[in-house]
Amino acid sequence: MKFSVVNFLHTSRAVRHVVKGHWTTTHYTQKPREKDERWKDVDMTRVSDEYDVVIVGGGPSGLSAAIRLKQLANEQNKEIRVCLVEKASELGAHTLSGAVIETKGLDRLFPDWKELGAPIHQQVTSEGLFVMTEKGRYSLPCFPGIPLYNHGNYIVRLGHVVKWLGEKAEELGVEIYPGYAAQEILYDDKGAVKGIATNDVGINKDGSPKESFERGMELLAKYTIFAEGCRGHLSKQAIKKFNLQTEPMSYGIGLKELWEIDPAKHKPGYVEHSLGWPLQRDQYGGSFLYHLEDNGQPLVSVGFVVALDYKNPYLNPYKEFQRYKTHPSIAAQLEGGTRIGYGARALNEGGFQSVPKVAFPGGALVGCSAGLLNVAKLKGTHCAMISGQLAAEGIFEDLENDSTTVPEKYEAAFKASDVYKELKASRNIRPSFNTKYGWLGGMAYSGLFFVMGRGVEPWTLHHGKPDNEKLEPKEKYSPIEYPKPDGKLTFDLLSSVALTGTNHEENQPSHLTLYDDSVPEKVNLKVYDGPESRFCPAGVYEFVPQSETSDELRLQINAQNCIHCKTCDIKDPTQNINWVAPEGAGGPKYDGC
């Protein structure tokens, strides 16, 4: 087995997590401190503060909710306190998206957003839709009415838009705290949500307190809005506790690079999408490639999405993305350019039938925390922003009540909204790709029932088992041979991770926790040949020798590499991996990616 210098350094740093040749979880969410002698004399009291509304997550949905709450308060001459916590070191640093957006959510929030200077300039002017083969491609018709028709939409660097929204929120008086991760949902004596607690900091890798230990803070509120994005770790808990979901969410992983290309090849406003090669017919996924000009830079945003319901444990989404770029039509656009960014993020693909109830006692789900992505359009920003505003409007009316209740006005407004109707109309497109005919069947169904019928069919297709349960044993498959990276067009994983700017305090418990530390070797490695070493797009998981003299392998978790994509939390075969928030400000530092 070969080791790079980076892997060696990660391995040597992580040795304190290894006990008797096995990785050991030390995080306090899995190892209660009440029974740990090292904690018996530590003061565990928390400082608290009270707000009208607390919002978890500083993306498009959370910021839209915060802004709308303050707008309503100003319109009615009322004073309310709105607090927003964001785990990234600054707003936008954890935001990753294509992104081509519809502006209807922004139009609703700031009708004069152009005059206000929103960083949204590059309108779509031309586009293409293709089916890829290994060496060629076939053009598909692209006209008004099909989901991926984009004329009139805008190509943006979404992290910059988020940063701008943050500035507007602060101007209105929203209290924003970047670098503070929400770690725990707090409940009152009736079981309703009463706020959140930020994570404890100052804990050694072995789970013991440092001299600098500080307890997290309690942020109490009449209502708490969860806007964490796809697979938020607190949203996941709320969905389970309040039994909000009837059909499991289906997911994908989106991988993206940002390139500065040869100006002679640049076509500002051009977008293209594709399906087919390099994926097999029964694997759902596809690509995007967007040309935008930003402050004179000729940029291309190129990405690849792989559905996480794939069966083959040897499939590697990152390497599929790299292979996609070798296609002649893609390589021709990128050759001679410079890659300046990389990132990856899980995304919701379940659609209408997987959307949970969005309101529950003391809380609400908005944006991708509620699964509000229109996967047929490959868009969710407008849905996220509208849902945040609807939540704000529904909650604002109830703030004067003496007791906290279910924000039912938000639930009702959401079900009457265009977002709900849009998701319902496109509900069968994604599951139609899950038949034995793969993307051929999906295209035929979409053309017949959506393009022609606008989704009015009286039936609803379903996704079946959760994505993790669809992975099949290694005996059914052979390892996939991927081409080696050339360092010009295709790249090794660690050089890509370096572009994310990701970093975490080294001496802290791994935030990639395991419910059972023996499962990686007994189940994942034995049955599936260690799929976490392939589905992770950041090199967090690998299997290494238990010792210098042993041929037996054990799991190694390089938590510092984590880019908070949540793929491991979704695709781990037995759901043994549980992603929790690391100490605040850790993670990637995307710049408009």
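Just so it is clear, the model here is predicted, and its values are computed rather than measured.

Further remarks concern the overall build of the protein chain. Looking only at helices and strands, one finds 15 helices and 26 strands in the protein chain. Radius of gyration (C-alpha) of the protein chain: 23 Å, near the 25 Å computed for a compact globule of 593 residues. For the C-alpha atoms alone, the extent of the protein chain along its principal axes is close to 70 × 65 × 50 Å. Taken across its 593 residues, the protein chain has 62% of its residues classed as buried. A separation threshold of at least 6 residues defines the contact pool for the protein chain, and within that pool the share at least 24 residues apart is 79%. As displayed, the protein chain has an accessible area near 24100 Å², and 51% of this comes from carbon and sulfur atoms. Charge separation in the protein chain, taken as the distance between the mean sites of 67 positive and 75 negative side-chain charges, equals 5 Å.

Right, let's talk about the nonpolar core for a bit. Core analysis: the biggest nonpolar cluster contains 73 residues, and I55, I120, L165, I196 and F226 have the highest contact counts within it. When residues of this core are assigned to their parent elements, the largest contribution, 8 residues, is made by helix α8 (residues 381-396). One finds L96, M132, L512 and F543 within the second-largest nonpolar core, a separate group that totals 61 residues.

Turning our attention to the domain arrangement of the protein chain. Bring the parts together and some accessible area is lost; that lost area is often taken as the interface size. Taken domain by domain, the protein chain comprises domain 1 (48-421) and domain 2 (427-464). Placing a centre on the C-alpha atoms of domain 1 and another on those of domain 2 gives a separation of 25 Å. Each partner contributes to the interface: domain 1 provides 24 residues, whereas domain 2 provides 21 residues. For the pairing of domain 1 and domain 2, the buried interface totals around 1700 Å² over both sides, and the portion due to carbon and sulfur atoms is 63%. The largest per-residue losses of area from domain 1 upon contact with domain 2 belong to R281, Y284 and Q353, which jointly make up 34% of the total buried on that side. Counting across the domain 1 and domain 2 interface gives 2 salt bridges. A salt bridge links R430 to D309; the nearest nitrogen and oxygen atoms lie 2.8 Å apart.

Considered as a void within the structure, the second largest pocket measures approximately 1000 Å³ in volume. Together, 46 residues line the second largest pocket, and H233, K236, Q237, K240 and N578 are the ones closest to its centre. Looking at the lining of the second largest pocket, the elements with two or more residues in it are β11 (182-187), α5 (233-241) and β26 (577-579). Take the lining of the second largest pocket: its biggest share by element is 6 residues, from α5. Here the residues of the lining of the second largest pocket are counted per class, giving 18 nonpolar, 18 polar and 10 charged.

Residue position: R157 is located in the loop between β9 (154-155) and α4 (158-171). Given a relative accessible area of 11%, R157 falls into the buried group. C-alpha of R157 to C-alpha of G341: the two residues are 184 residues apart in sequence and 12 Å apart in space. Setting aside its immediate chain neighbours within four residues, R157 contacts L258, L292, D294, Q297, L299, D591 and G592. Of the polar contacts made by the side chain of R157, one reaches the side chain of D294; its length is 2.8 Å. At a separation of 3.2 Å, a polar atom in the side chain of R157 contacts the main-chain carbonyl oxygen of G592.

Between its first and last C-alpha atoms helix α2 (residues 60-75) spans 22 Å; for 16 residues at 1.5 Å apiece the expected length is 22 Å, and the two agree. Just past α2, the residue N77 takes up positive phi, approximately 55°.

Turning next to unusual backbone geometry. Residue A99 is reached from G98 by a cis peptide bond, and omega for that bond is -5°. Its place among the elements puts A99 in the loop between β4 (82-86) and β5 (100-101). Here the bond from W277 into P278 is cis, since omega is 10°, no more than 30 degrees from zero. With respect to the element layout, P278 can be found in the loop between β17 (270-276) and β18 (285-294). Backbone geometry places N295, a non-glycine residue, at a positive phi of 50°. Residue classification places N295 among the exposed positions, given a relative accessible area of 79%.

Before going further, it helps to examine the confidence of the model for the protein chain. On average, residues of the protein chain carry a pLDDT of 94, and 97% of them reach 70 or more. Note that pLDDT drops below 50 for residues 1-15; the model gives that stretch 26 contacts with residues more than four away or on any other chain.

Let us look at the pattern of salt bridges. In a structure, side chains of opposite charge can pair up when their charged atoms sit close to one another. Evaluation of the coordinates by the stated rule reveals 32 salt bridges. For the salt bridge of D398 with K409, the shortest nitrogen-to-oxygen distance reads 2.9 Å. Of this pair, D398 sits in the loop between α8 and α9 (408-415) while K409 sits in helix α9, placing them 11 residues apart in sequence. Take D398: its relative accessible area is 6%, and that puts it in the buried class. Within this structure, R68, E75, R108 and E393 form a network of salt bridges that share partners.

Here the focus is the sheet that holds strand β16 (residues 251-260). Sheet strands associate in pairs through backbone hydrogen bonding, adopting either a parallel or an antiparallel arrangement. With mixed pairing, 7 strands are arranged side by side in an open sheet as β8-β7-β17-β18-β19-β16-β20. Across the chains shown, the open sheet's two edge strands, defined by having one partner strand only, are β8 (137-140) and β20 (338-348). Across the sheet, the axes of successive neighbouring strands diverge by a mean angle of 20°, strand direction being ignored. Inspection of the sheet shows strand β7 (residues 126-132) paired to β17 by 7 bridges, in the parallel sense. Residue pairing in the sheet places G128 in a bridge with E272 of β17.

What counts and how
Residues numbered from 1 in each chain as written. Predicted model: local features only at pLDDT ≥ 70, side-chain atom pairs only at ≥ 80, totals over all residues. Heavy atoms only, no water. Helix = DSSP H or I, 4+ residues; strand = E, 2+ residues; numbered from the N terminus. Rg over C-alpha atoms; globule rule 2.2 N^0.38 Å. Buried < 20%, exposed > 50% of the residue type's maximum accessible area, 1.4 Å probe, protein only. Contact = heavy atoms within 4.5 Å. Areas by Shrake-Rupley, 256 points an atom, 1.4 Å probe, with all protein chains shown as cover. Lys, Arg positive; Asp, Glu negative; His and termini not counted. Charge placed at Lys NZ, Arg CZ, Asp CG, Glu CD. Core = buried A, V, L, I, M, F, W, Y, C linked by side-chain atoms within 4.5 Å. Domains from an automatic or database assignment. Buried area = accessible area lost by both parts, 1.4 Å probe. Salt bridge = Lys/Arg side-chain N within 4 Å of Asp/Glu carboxyl O. 1 Å grid on protein atoms, 1.4 Å probe; cavity = no way out; pocket = protein on both sides within 12 Å on 5 of 7 lines; lining within 4 Å. Points joined across faces, edges and corners; volume = space filled by probe spheres on them. Nonpolar A, V, L, I, M, F, W, Y, C, P; charged D, E, K, R; others polar. Polar contact = N/O pair within 3.5 Å; in protein donor to acceptor, adjacent residues only side chain to side chain. Expected span 1.5 Å × (residues − 1). pLDDT = per-residue confidence, 0-100. Pairing = 2+ DSSP bridges. Axes fitted to C-alpha atoms, helices over the stretch in contact; angles between N-to-C directions.

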